[in-house]
Amino acid sequence: MENPVQLKEEGNKYFQASDYEKALQSYTQAIKLNKDKALQAVLYRNRAACFLKKEEYAKAASDASRAIDINASDIKALYRRSQALEKLGKLDQAFKDAQKCATLEPRNKNFQETLRRLGANIQEKLRIQFSTDSRVQKMFEILLDENSDKEKREKAANNLIVLGREEAGAERIFQNNGINLLLQLIETKNPELILAAVRTLSGMCTGHKARATAILHYLGIDSICMWMSVDNEEISLAVCNLLQTITDCLLGQGKEEHHGKEEALVLDTKKDLKMITMRLLDMLVSKNVSGQGRDRALNLLNKNIPRKDLKDHDNSRSIFVIDNGLKKILKVVGQIPEMPDCLPLTENTQLTASVLLNKLYDDLRCDPERDNYRLICEEYIKSKIDPQDMDKTLHAVQIVSGVLQGPFDLGNKLLGMKGVMEMMVALCGSEREIDQLVAVEALIHASTKLSRATFIITNGVTLLKEIYKKTKNEKIKIRALVGLCKLGSAGGTDYGLRQFAEGSTEKLAKQCRKWLCNTSIDARTRKWAVEGLSYLTLDADVKDDFVEDEPALKAMFDLAKASDKTILYSVASALVNCTNSYDTKELVPELVQLAKFSKQHVPEEHPKDKKDFVVKRVKRLLKAGVVSALACMVKADSAILTDQSKELIARVFLALCEDPKDRGTIVAQGGGKALIPLAVEGTDVGKIKASHALAKIAAISNPDIAFPGERVYEVVRPLVSLLNTERDGLQNYEALLGLTNFSGRSDKLRLKIVKEKALPDIENYMFENHDQLRQAATECMCNLVVNKEVQERFVADGNDRLKLVVLLCGEDDEKVQVAAAGALAMLTAAQKKLCSKMTQVTTQWLEILQRLCLHDNMEIQHRGLVIAFNLISADKELAKKLVESELLEILTYVGKQEDHPKKQHIISVARDCLTKCMDYELIKPLSQA
């Protein structure tokens, strides 16, 4: 067993040598072994000194307090605690400790100075505190005074929001009856004041669990939900953000900061979260809630209930919502806007509810959970089926229709329920417009090649054709047509599997385009025309006609930019089809022969799906303004913008970026900005496609223009994600080009690339057999070596980084040589250690250097001579080694050449090398020789 005294001495030595980590270990070990009280106090105060040096102030204060508990007049421990408390912002306590020190040693100037400084800081803190208090008070007075000037009120409102976002300001508002005053602002019914109050509350809740919980309880979840229910988009959204901020705090997400004593509070958040969830579910079926409010409640449930990561086994929130609110969500899905008893809805409400149904179903972990979900749905639909009451039955069909847009497998099972198909057929034959509308929409959602309902596969086309021919109503005609389009597209892109007779598909598409351009038809019905085109555009003749029809394209883009977000998926699908950016299976010639021999069907490619046709279509789309429409679609803050929709948009962007000449247009219309969120969240495929599109833009654009301001730093991570062996060579190559472009811009960007752990991947590609990949990686490294941190990695022992760069200088590929020689020139200029290290990493170094200095390519020759100059300048012994080799002859030959404007920079470096050798007296001028 070691001796505590010896350990203390050992710790002191480490402390004096500034090795605080080892000193800490020694003191900690000594504390564990020691039994002597006096020594224990010394050990604690010494360990406190280590913590101070390591800037771990809370631990320093704790250790100093333990020393003071043993010896109340331990002046060193008191002073160390004072220093730690000052750093923790506890100025009044720090002042008391400093005062005790000054009392014990009145003549110590250091203590007197500390007292003076702390006194001044406390005065300043009080002054700010009182001025903040009075500012808060004044702001509320201006805001609550109905006679105060409008401009003054606006300014006060903005100042209050800013103050609420600062920790000190938020705390002052909270302590000074601010919540009550903010409540008074909300009760004024003035929209601007309500917004200011709600946004201030959001700022106060951000990252502070205790304050968020207190605000939730003070305001009451009922009041918050009531404010969110108002028919004012801005207020509804602001309250929704406030509730999201509170939820983030309760779930322990967001910018969680620790505020002293708050860590000691055990806040039971489960009860509050359940209460919020229940109120949101109640909002879904309340007649007093506006359509906006219902959408907000659905979006909050979509965002916070299902698991973010399926590796997390706890899906209790989804189970709770299914048990307590699934019927409420089904009620929303089953609403029929044309019926008098319909709840207030927006055009997005029902699809958002279907998305929620899908997310909840996907979040279930086992068959019993899924069976329970199905049984609740079946029971609810059965309760709605009533042959005597057609209106009630309509709701049942509408619910099935809504479920088919969510968890499709479940929707298929519900179609098989007794009486559901019969009802749909009966409704199709009804005289009432609303009956036909609901039935046809349900048929459309059920009609897919995935459908297990054989009835629909066998009878769907006949039923829909009959409705299409009989009805005079345009709304129903369009929907019946879409159903036919959907069933007609079952063959996909396979030219040999066309469902309809030659020319029928084009006729259907022409009719859809006609409806799409007809602004006298309501938007909801025109939306169905886009839905039809999203299926029909799988046919190459339809694609070609559609992109030639500029009014139709523009009409579709206008609909995509509107507030109705239910169209997003259809627009994105149509664009994916037009740009051929869907995945295609490569046909293996041998298998094709085998299939023909065995008389199996072989997929055929349409002649208009060949590359030159696709390129023309992309140009037409760009001309019609597709980029601004896509950028607008990406901004949709709604659960309707699903990960699948994001993937489709990313696919379209990648297809648009194919031609380098178009990338400037894409950037100018906001494509660069729109791609960043797509590369960060969504499906894995979607993120890769968006990252690849970003790489294409980053490779050839000026980053300051393509990604202005701080945005450029957000692009680095998507580019680095493409440096992966699982990605294809083109993605690797274009990501490296983008990073090369970025790393040439600023040191801050170089540092960001290093922090994203890109260096090991870039080095791996420098080993690649593929010439272009190796060249791109070497060029990227050439730009990165300007950074200090990268240089230090080359200097560090135990790696072959420098050896790799030296060997790459000897490659036959000139572009690789230029980049490697540039990197080596910069490294040897910046770090003298690397000059001597270069001579040790490989025996070929001198031969490679000589080849560089004699190279035909002037750029490579110049870089080689700069490396030689760096080596000569670094060390006389190194210079001697070079002079004794053939390099002297090369330098003399180059240096003696006549001045020539094109070669002058090369000749000058060679002469500088010779001059340096003369300074070392390793060579003499000819006259002295």
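Only a predicted model underlies this, so the values are computations on that prediction, with no experimental measurement involved.

> Please clarify how the overall build of the protein should be interpreted in this entry.
Each helix and strand counted, the protein has 52 helices and zero strands in total. Dimensions of the protein, computed from C-alpha atoms along their principal axes, come out at roughly 110 × 80 × 65 Å. Counting the 929 residues in the protein, one finds 52% classified as buried. Pairs at least 24 apart in sequence give 68% of the contacts found in the protein among residues at least 6 apart. Roughly 45,000 Å² of accessible area belongs to the protein as shown, and the carbon and sulfur atoms make up 50% of that amount. For the protein, the distance from the average site of its 135 positive side-chain charges to the average site of its 130 negative ones is 2 Å.

> Which parts of the structure should I look at to understand the packing of aromatic side chains?
In this description, an aromatic ring pair is defined by two values, namely the gap between the centres and the angle between the planes. Enumeration over the complete set of coordinates arrives at four aromatic pairs. Ring geometry for tyrosine 361 against tyrosine 373: centres 5.1 Å apart, planes inclined by 70°, an arrangement best described as edge-to-face. Linking tyrosine 361 in helix α18 (residues 349-362) with tyrosine 373 in helix α19 (residues 367-384), this pair joins segments that are 12 residues apart in sequence. Tyrosine 373 carries the same exposure label as tyrosine 361, and that label is buried. For lysine 616, the ring lying beneath its charged end belongs to phenylalanine 613, and the centroid distance is 5.6 Å.

> Explain empty space enclosed by the protein here, please?
Summed over the entire model, instances satisfying the criterion amount to three cavities of 30 Å³ or more. For the second largest cavity, the calculated volume is near 100 Å³. When contributions to the lining of the second largest cavity are tallied by element, the ones reaching two or more residues are α14 (233-251), α15 (269-284) and α16 (291-304). Ranked by the residues each element gives to the lining of the second largest cavity, the list is headed by α15, at four residues.

> Any chance you could explain the side chain of lysine 696 here in plain terms?
Structurally, lysine 696 can be placed in helix α37 (residues 684-700). Taking the relative accessible area as the measure of exposure, lysine 696 reaches 1% and is therefore buried. Look past the residues within four positions of lysine 696 in its chain and what remains in contact with it is Leu654, Cys657, Glu658, Arg663, Leu730 and Glu734.

> Sorry, what's going on with a positive patch on the surface here?
A contiguous patch of positive charge on the surface is contributed by Lys303, Lys308, Arg317 and Lys359. With respect to the secondary-structure elements, lysine 303 resides in helix α16.

> I keep staring at the packing of helix α47 (residues 832-841) against helix α49 (residues 858-874) and nothing clicks. Help me out?
What describes two packed helices is the angle between their axes and the distance between those same axes. In contact at an axis separation of 9 Å, α47 and α49 are set at 105° when each is read in the N-to-C sense. In terms of their interaxial angle, α47 and α49 are classed as roughly perpendicular. Contacts between α47 and α49 involve Lys832, Cys835 and Met838 from the former and Ile867, Asn870, Leu871 and Ala874 from the latter. Among the residues making up the contact of α47 with α49, the classes are represented as five nonpolar, one polar and one charged.

> Honestly, the pattern of salt bridges in this entry has me stumped. Any pointers?
Note that side chains of opposite charge can pair when their charged atoms are close. A complete count under the given rule lists 47 salt bridges for this structure. Where arginine 66 meets aspartate 63, a salt bridge forms, and the shortest distance between an N and an O atom there is 3.8 Å. Here arginine 66 and its partner aspartate 63 are both found in helix α4 (residues 57-70), three residues apart, which amounts to about one turn of the helix. By relative accessible area, arginine 66 is classed as partly exposed at 37%.

> Teacher, can you tell me more about the confidence of the model for the protein here?
A low pLDDT score tells you not to read the predicted coordinates there in detail. Residues of the protein with pLDDT of at least 70 account for 91%, and the chain-wide mean is 84. The spread of mean pLDDT over the elements of the protein runs between helix α31 (residues 589-597), the lowest at 59, and α37, the highest at 93. Of the regions scoring below 50 in pLDDT, residues 255-266 engages in 15 contacts with residues more than four places distant in sequence or in other chains. Counted against residues more than four places away or in other chains, residues 491-501, with its pLDDT under 50, gives 26 contacts.

Calculation rules
Residues numbered from 1 in each chain as written. Predicted model: local features only at pLDDT ≥ 70, side-chain atom pairs only at ≥ 80, totals over all residues. Heavy atoms only, no water. Helix = DSSP H or I, 4+ residues; strand = E, 2+ residues; numbered from the N terminus. Buried < 20%, exposed > 50% of the residue type's maximum accessible area, 1.4 Å probe, protein only. Contact = heavy atoms within 4.5 Å. Areas by Shrake-Rupley, 256 points an atom, 1.4 Å probe, with all protein chains shown as cover. Lys, Arg positive; Asp, Glu negative; His and termini not counted. Charge placed at Lys NZ, Arg CZ, Asp CG, Glu CD. Phe/Tyr/Trp six-rings, centres within 6.5 Å; stacked < 30°, edge-to-face > 60°. Lys NZ or Arg CZ within 6 Å of the ring centre and 35° of its normal. 1 Å grid on protein atoms, 1.4 Å probe; cavity = no way out; pocket = protein on both sides within 12 Å on 5 of 7 lines; lining within 4 Å. Points joined across faces, edges and corners; volume = space filled by probe spheres on them. Patch = residues over 30% accessible without salt bridge, like charges linked within 9 Å, V, L, I, M, F, W, Y side chains within 5 Å. Salt bridge = Lys/Arg side-chain N within 4 Å of Asp/Glu carboxyl O. Axes fitted to C-alpha atoms, helices over the stretch in contact; angles between N-to-C directions. Parallel < 35°, antiparallel > 145°, perpendicular 65-115°, else oblique. Nonpolar A, V, L, I, M, F, W, Y, C, P; charged D, E, K, R; others polar. pLDDT = per-residue confidence, 0-100.

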